[in-house]
Each structure stands twice: as C-alpha cells, then as structure tokens.
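Results of the structural survey
Residue-level listing of the chains:
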Amino acid sequence: MNDFGGVDDLYRDFILDHYRHPRNAGTLENPDATFEDNNPLCGDRIRMDVRIAGDRIDDVRFAGRGCAISQASASLLTEAVKGKTVAEVEQLSDEAVLENLGISISAVRLKCALLGIKVLKSALALKRG
Ligand code: ZN
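Conventions used here
- Residues numbered from 1 in each chain as written.
- Predicted model: local features only at pLDDT ≥ 70, side-chain atom pairs only at ≥ 80, totals over all residues.
- Heavy atoms only, no water.
- Helix = DSSP H or I, 4+ residues; strand = E, 2+ residues; numbered from the N terminus.
- Polar contact = N/O pair within 3.5 Å; in protein donor to acceptor, adjacent residues only side chain to side chain.
- Contact = heavy atoms within 4.5 Å.
- Buried < 20%, exposed > 50% of the residue type's maximum accessible area, 1.4 Å probe, protein only.
- Donors = N, O, S within 2.8 Å, 3.2 Å for Na, K, Ca; no water.
- pLDDT = per-residue confidence, 0-100.
- Axes fitted to C-alpha atoms, helices over the stretch in contact; angles between N-to-C directions.
- Parallel < 35°, antiparallel > 145°, perpendicular 65-115°, else oblique.
- Nonpolar A, V, L, I, M, F, W, Y, C, P; charged D, E, K, R; others polar.
- Pairing = 2+ DSSP bridges.

As a further point, take the side chain of Asp49. Secondary-structure assignment places Asp49 in strand S2 (residues 44-53). In this structure the side chain of Asp49 is engaged in a polar contact, spanning 2.7 Å, whose partner is the side chain of Thr34. The residues touching Asp49, leaving out its near neighbours within four places in the chain, are Thr27, Leu28, Pro31, Ala33, Thr34, Asp59, Val60 and Arg61.

What follows concerns the environment of Arg23. Examined against the element boundaries, Arg23 turns out to sit in the loop between helix H1 (3-20) and strand S1 (33-39). Look at Arg23 and you get partly exposed, because its relative accessible area is 24%.

Moving on to the coordination of the zinc ion. The zinc ion binds to the protein through Cys42 (SG), Asp44 (OD), Asp44 (OD), Cys67 (SG) and Cys112 (SG), with metal-donor distances spanning 2.1 to 2.7 Å. Donor residues binding the zinc ion come from one chain and are separated in sequence as C-x1-D-x22-C-x44-C. A residue pair is termed long-range when its members are at least 10 positions apart, and Cys42 in the loop between S1 and S2 and Cys67 in the loop between strand S3 (56-65) and helix H2 (68-81) qualify at 25 residues. Using a relative accessible area of 15% as the deciding quantity, one classes Cys67 as buried.

With 91% of its residues at a pLDDT of 70 or more, the protein chain shows a mean pLDDT of 91. Long-range and interchain partners of residues 1-5, a stretch whose pLDDT sits below 50, account for zero contacts in this model, where long-range means more than four residues apart.

Glancing now at the packing of H2 against helix H4 (residues 94-101). One can describe the packing of H2 onto H4 by two numbers: an axis separation of 10 Å at closest approach and a directional angle of 105 degrees. As judged from the angle between their axes, H2 and H4 are roughly perpendicular. Facing Ile69, Ser73, Leu76, Leu77 and Ala80 of H2, the residues of H4 in contact are Val97, Asn100 and Leu101. In terms of residue class, the contact of H2 with H4 is built from six nonpolar, two polar and no charged.

Pairing between the strands of a sheet comes from backbone hydrogen bonds, and it takes one of two forms, parallel or antiparallel. Spatial strand order, S1-S2-S3: three strands in an open sheet with antiparallel pairing. At either margin of the open sheet sits one strand with a lone partner, and together these are S1 and S3. Taking the axes of each pair of neighbouring strands and ignoring which way they run, one obtains an average angle of 15 degrees across the sheet. Where S2 meets S3, nine bridges bridge the pair, whose relative direction is antiparallel. The residue of S3 that forms the bridge with Met48 is Phe62.

In structure tokens, the structure reads:
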C-alpha cells in the first residue's frame, strides 16, 4: 500500500466522477446570461447559461466537450456558484477555482481548468453590459 498513491487516486476519482456525471449539465431556456468559448490548445469547449434572480445566481447550466479537467472543473464551478451573488462570482479568483478542484494543475492544463470560470465571468460581464 502506498498512502500517497491512495490520495492521488482519491482526487483522480473525484475529477473523473464529475467528468462522467457532470452536475448541472445542459442548457437553460431563455437564460439571463450566456456565453460560449473554447480553449484551442486542448480543443475544450464550454457554454454556460445563467439565470439571475435579484443579484443572485438562481440557476446555472453548462454544456461542453473536452478533456476531463475542463469538464470536471466546469461541473464543480456550477455547484460552487449557485446561490452566490453576481458580485461574488465576479470576484472569484483563478486560485480559488484551482483550489476547489483539489488537484495540482500543470501549467499546460491551466487553461483547461480555468475555461469554465472564464466563460461564466464573460457571460456575467455581457449581462451587465
Ligand atoms: Zn483541456
């Protein structure tokens, strides 16, 4: 038994679970905010639909395809931001998103891990504009 290997497996399972069973997958009818973008380095694509009630994220859905890191990160993000205020999400740092992911992300994978939050912030920025 290798304890460190065990921890790695745990995190990997966590990511793979979100990848295989994404939370809040799909789209919203008449979303208050929506945006879609891709990460050409990896071929990841993510769309985020947001419903806003007052100043809060009432519902959020994502649709996309790509690597496990990009899709799992987006899935985790939708869970994390539901119920938060728009301002709170706009202030969410890349570091916080990576921390939420729970695994160390190599430099080449950063764009994968951060595509979801980038798309979500773009959607909210367009909504405000
Ligand atoms: Zn990727």
